[in-house]
Amino acid sequence: MPEIAQRTLRPVPPPVVRGFEQIQRFWEPDTQRWTVKILPGEYYVTRSDEAITTVLGSCISACIRDPVAKVGGMNHFMLPEDTTPRDGSARGAPVVLSTRYGSHAMESLINDLLKLGAVRERLEIKVFGGGRVLAAMTDIGKRNIDFVKSYLNLERLPITAQDVGGDQPRKVIYFPTEGRVRVRKLRPIEIRGISDREKLYMESLRAKDEGGDIELFT
Amino acid sequence: MPRILTVDDSAAMRQMVRVTLTSAGYDVEQAKDGREALDIANASTFDLVITDVNMPEMDGLTLVRHLRGMPSYRHTPLLVLTTEGSAERKMQGREAGATGWLVKPFNPDRLLATVAKVLK
């Protein structure tokens, strides 16, 4: 009964970083790791020997760790469609409107790692995704790749490894304590579910267009 | 035009805030952490300071406390712009002397509306 054997071998899940208690983890017998699966718009950071996995179509995941502080994490995001009015009525510049969710996703992950003791200069950054999998006039995957590269360039954070573009979705498994990433290209038949989920995510970004909470104390 | 000092350790975030504010005609200076912001604020005067919280050298709440202790910034609006949105952190901001708390990602028009409001 291999299933029972595996169950008895399953170790106690490692501690969770404060703020990520709600995230579901499962024991993955293949990798022998407790694993977190993140969805579009989510991110996860850990101090433990866990795996973080996600499936990417045109979205991007940055896998970032500090090998010395032994903390690492992964995000999963895309830029919303550029819906800036062409008549120039929007006062905030278009670049701000279209990239702020990407910047937010990158900053949230990096900030949490720094709070766990990571040092900016030591960050090892790997970037994945940005495939051309959504049937759209514009190459959304390429926009996402261009964004993450220019963001990291602006922040002076070098990319250590990448696997981006192409027309296949990817399943990514990240092992932050080792820095190892396993990427599997998925077959075109698996695209539909992924692109449906990404479309829903994109719609939710549009709905959230008003940005975060604002509170005046006086 | 009012002068605004924006403080953030992220160059991408500084750029987004600067582009948004300058598009509305404000005069914008930038600092990459609380320590640098304090030096710039000491050497010059500003009508508003917008600061991130988590930064190296000096965090945003410490910066707010320092500015509130300076006669020239006692009544200056000081806004916090951060990824953090917990009630606990907002309370710390309020106690430090912040005028308001904005959670990222920011909507450019709403940021400008808030800036106009606190500058009145």
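For the structure, check the block above.
As the structure is a computational prediction, the values presented were derived from the model and not from experiment.

A.B. asks: Honestly, the sheet that holds strand 8 (residues 159–164) of chain A in this entry has me stumped. Any pointers?
C.D. replies: Strands pair in a sheet through their backbones, by hydrogen bonds, and they do so in one of two ways: parallel or antiparallel. All names here are of chain A. The strand order across the open sheet built from 5 strands is 3-6-5-7-8, with neighbouring strands paired in mixed fashion. Each edge of the sheet is formed by a strand with only one pairing partner; in this case those strands are strand 3 (43–46) and strand 8. The sheet shows a mean angle of 10° between the axes of neighbouring strands, direction not considered. Lying over the sheet, helix 3 (residues 140–154) contacts strand 5 (60–66), strand 7 (124–129) and strand 8, oriented at roughly 175° with respect to strand 8.

A.B. asks: I tried to follow the pairing of strand 5 of chain A on my own but got confused; where do I start?
C.D. replies: Every other side chain in a regular strand lies on the same face of the sheet, so the side chains alternate between the two faces. All names here are of chain A. Burial runs high along strand 5: 7 of the 7 residues are buried. Going residue by residue along strand 5, you find Ile60, Ala62, Ile64 and Asp66 tucked away on one face and Ser61, Cys63 and Arg65 tucked away on the opposite face as well. Inspection of the sheet shows strand 5 paired to strand 7 by 6 bridges, in the antiparallel sense. Note that in strand 7 the partner of Ile60 across the bridge is Gly129. Alignment of strand 5 against strand 6 (residues 71–75), held across 4 bridges, turns out to be antiparallel. Counted as the bridge partner of Ile64 is Gly73 from strand 6. What sits between the antiparallel neighbours strand 5 and strand 6 is a turn of 4 residues, in which Lys70 has the positive phi angle 55°.

A.B. asks: Could you clarify how one ought to interpret the sheet that holds strand 5 (residues 100–103) of chain B in this entry?
C.D. replies: Read across the open sheet, the 6 strands follow the order 11(A)-5(B)-4(B)-3(B)-1(B)-2(B); overall the sheet is mixed. Of all strands in the sheet, those bounded by a partner on one side alone are strand 11 (214–216) of chain A together with strand 2 (27–31) of chain B. Between one strand axis and the next, the sheet turns by 15° as a mean value, whatever way the strands run. In this structure, strand 3 (residues 48–51) of chain B lies alongside strand 4 (residues 78–82) of chain B, joined through 3 bridges in parallel fashion. Across the sheet, the residue bridging to B:Val49 is B:Leu78, located in strand 4 of chain B. Strands in contact with helix 2 (residues 34–43) of chain B are strand 1 (3–7) and strand 2 of chain B; relative to strand 2 of chain B, the strand with the most contacts, it is inclined by about 135°. Strands in contact with helix 5 (residues 108–119) of chain B are strand 11 of chain A together with strand 1, strand 3, strand 4 and strand 5 of chain B; relative to strand 11 of chain A, the strand with the most contacts, it is inclined by about 5°.

What counts, and where the lines are drawn
- Here the residue numbers are simple positions, counted from 1 along each chain's written sequence.
- All chains are assigned letters beginning at A, and all ligands numbers beginning at 1, according to the order in which they are written.
- The predicted origin of the model limits local features to residues at a pLDDT of at least 70 and limits the giving and counting of side-chain atom pairs to 80 or more, whereas totals for whole chains, interfaces and linings rest on all residues.
- Only hydrogens and water are removed before side-chain values are computed, so all heavy atoms of the structure are retained for them.
- Following DSSP output, two strands are said to pair if at least two bridges run between them.
- Where helices and strands are cited, they refer to DSSP runs of H or I of at least four residues and of E of at least two residues respectively, numbered from the N terminus.
- Lines fitted to C-alpha atoms define the axes here, with helix axes fitted over just the stretch in contact, and angles between the N-to-C directions of these axes take values from 0 to 180 degrees.
- Whether two residues are in contact is decided by their heavy atoms, any of which lying within 4.5 Å being enough.
- Each residue is placed in one exposure class: buried if its accessible area under a 1.4 Å probe, protein chains only, is under 20% of its type's maximum, exposed if it is over 50%, and partly exposed if it falls in between.

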